[in-house]
Protein chains: 2
Amino acid sequence: MADLLEQAKSVKAASRALAMASSAVRDQFLLRAASVLEENSSVILAANEKDLATHGAVLSDAARDRLTLTKSRVQSMANGLRQVAALPDPLGEVVDGWRRPNGLEVRRVRVPLGVVGIIYENRPNVTSDAAGLCIKSGNCAYLRGSSTAQGTNLAIVALLQQVAVEVGLPESCVALVEDPSHDTAAKFMGLNGYLDCLIPRGGPALIASMREHATVPTILDGDGNCHLYVCEHADLAMALSLIENGKTQRPGVCNATETLLIHSSRAEAFFPAMAERLKNVEIRGCLRTCAIIERAIPAKDEDYATEFGDLILSVKVVDTIDEAIDHIATYSTGHSEAICTDNNFFANYFVTSVDAAAVLVNASTRFVDGEQLGLGAEIGISTQKLHARGPMGLRELTTAKWIITGQGQVRT
Amino acid sequence: MADLLEQAKSVKAASRALAMASSAVRDQFLLRAASVLEENSSVILAANEKDLATHGAVLSDAARDRLTLTKSRVQSMANGLRQVAALPDPLGEVVDGWRRPNGLEVRRVRVPLGVVGIIYENRPNVTSDAAGLCIKSGNCAYLRGSSTAQGTNLAIVALLQQVAVEVGLPESCVALVEDPSHDTAAKFMGLNGYLDCLIPRGGPALIASMREHATVPTILDGDGNCHLYVCEHADLAMALSLIENGKTQRPGVCNATETLLIHSSRAEAFFPAMAERLKNVEIRGCLRTCAIIERAIPAKDEDYATEFGDLILSVKVVDTIDEAIDHIATYSTGHSEAICTDNNFFANYFVTSVDAAAVLVNASTRFVDGEQLGLGAEIGISTQKLHARGPMGLRELTTAKWIITGQGQVRT
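About the cut-offs
Residues numbered from 1 in each chain as written. Chains lettered and ligands numbered in written order. Predicted model: local features only at pLDDT ≥ 70, side-chain atom pairs only at ≥ 80, totals over all residues. Helix = DSSP H or I, 4+ residues; strand = E, 2+ residues; numbered from the N terminus. Buried ≥ 20, exposed ≤ 12 C-beta atoms within 10 Å, placed from the backbone. Expected span 1.5 Å × (residues − 1). Arc of directions from axis to C-beta. Contact = placed C-beta atoms within 7 Å. Pairing = 2+ DSSP bridges. Axes fitted to C-alpha atoms, helices over the stretch in contact; angles between N-to-C directions. Parallel < 35°, antiparallel > 145°, perpendicular 65-115°, else oblique. Left-handed = near helix turned anticlockwise from the far one by under 90°. Nonpolar A, V, L, I, M, F, W, Y, C, P; charged D, E, K, R; others polar.

A.B. asks: An account of the environment of Gly246 of chain A is needed here, citing residue identities and associated values.
C.D. replies: Residue and element names in this part refer to chain A. Mapped onto the elements of the fold, Gly246 is located in helix α10 (residues 236-248). Judged by C-beta crowding, with 30 C-beta atoms within 10 Å, Gly246 ranks as buried. The spacing of Gly246 and Glu258 is 12 residues in sequence and 8.0 Å in space, taken between C-alpha atoms.

Structure representation (structure tokens):
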């Protein structure tokens, strides 16, 4: 803990210098880091091979794949940094401002949060991705990676720190927690006064641990139990391609569609075509669904509450849009909810009534993602309502400062 | 707990109807509520007399005064509601929006948080103030007041609920926790899924209890250990009026100035005049201060960390602006920090380097307040960095919803 606290202090101290660094210097860091990662890919790959040799055997195939770096993956990390460098600077924007009757000039200006903690799993590419987004937004990146990737992460961070010093930023503007144990992770989540914000990049176990241990301010990625409602005024061909895309294009991600709701007047016309199109998808439906789709199995209540992350779809027939909205209010995780309709009134009614980070009209839930929506870069997708909601870009890594300028005004 | 949960469910259900209520209906609620409070002031005052008779004897004079309502105080509550009604609607604002190359229309729109919990102390006027701000911003107001004011609060809430029904809003859009015990307060702070945001209006004990018990999203009012730095380029007459105003105009509030920092080149010229002007203020200074101001007593380290809330000022002489900024970084609570200077470079350097909700140049720290800065209404002052920082108005009671409109787009 003493070591962690010492490191936290040095990162916090670095955040002051970083808050004063120009946009040019921060971009120079990103561009130079991209080159240095490429030039030193052999160093990174050697560390990665060691991590794989030590931990690879106990990992699942998917986990081992996530841990594995190759020359082309290092190249992707470098290109990611270049893309972030090309984005507009989020800092210095005057959010709003005005002059008071007493002559005081009031402005709210976008400034860095300070120290952003990122806690992540077995993906060494997050090390450079997260560091890039933090430095671009004027924040120190204080990283805690997985023990399985610690050697790789250390190699990457050492290179980034070398670049920081080279461009005139404090070395500690990027730092990696040295002891990747669970015990230290819990202490990391409690670094009050040193972490201005802690963001997890990982699965439900990490989020659960954050909910238990974190006492610093956090932005949590929630689950995505996303719905598509096919309205009585829907174009059924469109509905078909939306549910196919939402469910099958990448079933494991949070913006996949998990439940189809459909107005009773369209079920008979829609279900046979849907069952045909979603051949590989297991269908768990209400009784009215099962009466039409032979292979459907009866849905339990918990099916409607489950983010399957798999080729399984829950289905329910409703008699009114309000019934659909009630169902969503009961089971939604507040991530992304869609309606397919040609009717403007129902579209607006749905958009206004449904309480979620994103509401879509005639578009696949799979679009709810920072890159797809045009943020340029994404640090995560928030399902909380305070500070950041939905896909989070550079702006969500900032806060505002009130700047008040007078000529000696006092309050009477 | 069963009762609390039932009530929480009914408030949450009401929030959906409220999210769809027009600006006109919400304003009608506020204006009608103002009249109904005035018309029924005798009912409110009778309940208040009962509360005073039951609890008045154990309260301090100040606390009894806060609990006491009069006809003119009820009038002020009504006028507060009218002022809030006159503010622009914070909802529906398109925060930003654009069209994607694939034709998707993307907008972020300001929407209510849902249910805002307010937990407050022995001030019945907060009942109508908080309810007004919540309804104006499309949120249900779920209130937990002090046990000493419970009868008065119930009388006010009953009138507000009657008005809600009258204008076509759900009765539960304003609700008061029925059991004002500490035990229920802790449960209230843990109503996950029912409270979208919980805001305390009270002193350090309440904040401490929130830190211990709250598991719902919160916006906390922090302490205000505010500094004024008198730079080597300061107009000393201005500095004198800034410190007098900051320290003495209302010493008990969070935006009062607690510490004066001064460049060593100006101490000799400034201190005698300051000691004379702040006759009634106890001065706790560094050794260099004590060498000039005879009546000053040596400051301990803890004096620099204390929000006195009283006619006590800590003072320190520094040799550079960096030393002043370091001192602030060490002791500041991140509320409001001021510099007095005629030099633009130093002004900008201070504004950029100091990490606080508000930074002031040549103005009294006492201006950091929603009304003074022009927000029209204030629900509190946040010293956190996420979501809301500094004075919070109606906008801080909202969140954003992504609305994505397509013509059947799917992701490839």
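A.B. asks: Outline helix α2 (residues 23-39) of chain A, supporting the account with residue identities and numerical values.
C.D. replies: All names here are of chain A. In a regular helix each residue adds 1.5 Å, so 17 residues correspond to 24 Å; α2 covers 24 Å between its end C-alpha atoms and thus fits that length. Considered for burial, the residues of α2 that qualify are Arg26, Asp27, Phe29, Leu30, Ala33, Ala34 and Leu37. The buried residues of α2 all sit within an arc of 145° when viewed along its axis, so they share a single face. What points out from α2, more than 90 degrees from its buried face, is the exposed set Ala24 and Glu39. Against the buried residues of α2 lie α3 (41-55), α5 (71-86), α6 (125-136) and α7 (150-167).

A.B. asks: Explain the pairing of strand β12 (residues 336-340) of chain B to me, and be specific about the residues and the numbers.
C.D. replies: All names here are of chain B. The buried fraction of β12 is high, at 5 of 5 residues. Burial of β12 is two-sided: the residues Ser336, Ala338 and Cys340 facing one way and the residues Glu337 and Ile339 facing the other way are all buried. Pairing of strand β7 (residues 226-230) with β12, which is carried by 4 bridges, proceeds in the parallel orientation. When the sheet's bridge partners are listed, His227 is paired in β12 with Glu337.

A.B. asks: Outline the interface of chain B and chain A, listing residues and values.
C.D. replies: Chain B puts 54 residues into the contact, and the matching count from chain A is 54 residues. Only α1 (2-19), α10 (236-248), α15 (344-353), β13 (358-363), α16 (370-373) and β16 (398-409) of chain B provide two or more residues apiece to the side of chain B that touches chain A. When residues of the side of chain B that touches chain A are assigned to their parent elements, the largest contribution, 11 residues, is made by β16 of chain B.

A.B. asks: Requested: an account of the packing of α10 of chain A against helix α11 (residues 264-277) of chain A, with residues and values cited.
C.D. replies: Residue and element names in this part refer to chain A. Where α10 meets α11, the closest approach of the two axes is 10 Å, and the angle between their N-to-C directions is 40°. By the angle between their axes, α10 is oblique relative to α11. With respect to the hand of their crossing, α10 and α11 are arranged in right-handed fashion. Note on element contacts: α11 touches α10 through Arg266, Ala269, Phe270, Ala273, Met274 and Arg277, opposite Leu236, Ala239, Leu240, Ile243 and Glu244. Along the lines of polarity and charge, the residues of the contact of α10 with α11 split into 8 nonpolar, no polar and 3 charged.

By themselves, these figures tell us nothing about what the structure is for.
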